[in-house]
Amino acid sequence: GCECFLYFSRTSIPLLITSIYIRICCLCATLAKAQLGSARASSGLVMTENWSRIPIEHDSNLHVEHNTGFTCQTIRFQISSSKYAHTLLQVITTVVDKLQCQNNCFGVETKLFLKYKESYLDYQEAKKRKVMPWFQKPEKHFVTLENFLNTASVTISQ
């Protein structure tokens, strides 16, 4: 499988970070429903305040965990099928990009780290190296991801 995590520099605005966690989980669940059909996607879906399990294929799940700490917060993603790594990355980066455009006034530094071999690389370094499977475009989407992400409202406010 594949792992990545979002790091947030401040914990003084937990509502904003919780909103990001919820938004990413909802987008991924909606994509899974479009790919699997509502019955399969709903049957394995579990969403709680701090973690979620989203079925993305008949034998593959996305696990999302929201961790709070004293000096930072993280949202950790684990996906059991590497063929969905690029799709997950697009969802995460779209939400984060829109967050940074809309909420610069909060002063929240957000960093994305992608697991590569036994360590984590900063998103920009991983992008420069074109680390697989994160930057390997899938052969086929059941829904057009770019259109889905552009039409899905990702406005996040506190």
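Computed from a predicted structure; not experimentally measured.

### Description of the packing of aromatic side chains
Summed over all chains, the structure comprises three aromatic pairs. Ring centres of Phe5 and Phe113 lie 5.1 Å apart, and the angle between their planes is 20°; this geometry places the pair in the stacked category. In this pair, Phe5 is assigned in strand β1 (residues 2–8) and Phe113 in strand β6 (residues 110–116), connecting sequence segments 108 residues apart. Among the residues examined, Phe5 registers a relative accessible area of 13% and is labelled buried. Ring plane angle 75° and centroid distance 5.2 Å describe the contact between Phe5 and Tyr120, whose orientation is recorded as edge-to-face. Of the two residues, Phe5 sits in strand β1 while Tyr120 sits in strand β7 (residues 119–122), which places them 115 residues apart along the sequence. The partly exposed category is assigned to Tyr120, whose relative accessible area is 30%. Members of the aromatic cluster, joined through ring pairs, are Phe5, Phe113 and Tyr120.

### Re the state of the cysteines
One pass over the full model with this rule turns up zero disulfides. Take Cys2: it sits in no disulfide, and the sulfur closest to it among the cysteines is that of Cys4, at 8.6 Å. Taking relative accessible area as the criterion, Cys2 reaches 6% and is therefore assigned buried.

### Regarding the confidence of the model for the protein
Per-residue confidence for the protein gives a mean pLDDT of 78, with 73% of residues at or over 70. The model gives residues 153–158 a pLDDT under 50, and that stretch makes 16 contacts with residues more than four places away or in other chains.

### Notes on the pairing of β7
Where β6 lies against β7, four bridges are found, and the strand directions are antiparallel. When the bridges of β7 are listed, Lys115 appears paired with Tyr120. What sits between β6 and β7 in their antiparallel hairpin is a turn of two residues, with Lys117 showing a positive phi close to 60°.

### With respect to the side chain of Glu3
Position of Glu3 among the secondary structure elements: in strand β1. Judged by its relative accessible area of 18%, Glu3 falls in the buried class. Within the local environment of Glu3, its side chain forms a polar contact with the side chain of Gln78, the two groups lying 3.3 Å apart. In this structure the side chain of Glu3 is engaged in a polar contact, spanning 2.7 Å, whose partner is the side chain of Tyr120. When sequence neighbours within four positions are dropped, the list of residues in contact with Glu3 reads Arg76, Phe77, Gln78, Leu114, Lys115, Tyr120 and Trp134.

### With respect to unusual backbone geometry
A cis geometry characterises the amide bond from Met132 onward to Pro133, with omega recorded as 5°. Checked against the element boundaries, Pro133 lands in the loop between α4 (123–129) and α5 (145–151). Even without glycine at this site, Lys117 takes up a positive phi of about 60°. Along the chain, Lys117 turns up in the loop between β6 and β7. On the accessibility criterion, Lys117 (63% relative accessible area) is exposed. Phi at Lys130 is positive, roughly 55°, even though this residue is not glycine. Along the polypeptide, Lys130 turns up in the loop between α4 and α5.

Rules and cut-offs
Residues numbered from 1 in each chain as written. Predicted model: local features only at pLDDT ≥ 70, side-chain atom pairs only at ≥ 80, totals over all residues. Heavy atoms only, no water. Phe/Tyr/Trp six-rings, centres within 6.5 Å; stacked < 30°, edge-to-face > 60°. Helix = DSSP H or I, 4+ residues; strand = E, 2+ residues; numbered from the N terminus. Buried < 20%, exposed > 50% of the residue type's maximum accessible area, 1.4 Å probe, protein only. Disulfide = S-S within 2.5 Å. pLDDT = per-residue confidence, 0-100. Contact = heavy atoms within 4.5 Å. Pairing = 2+ DSSP bridges. Polar contact = N/O pair within 3.5 Å; in protein donor to acceptor, adjacent residues only side chain to side chain.

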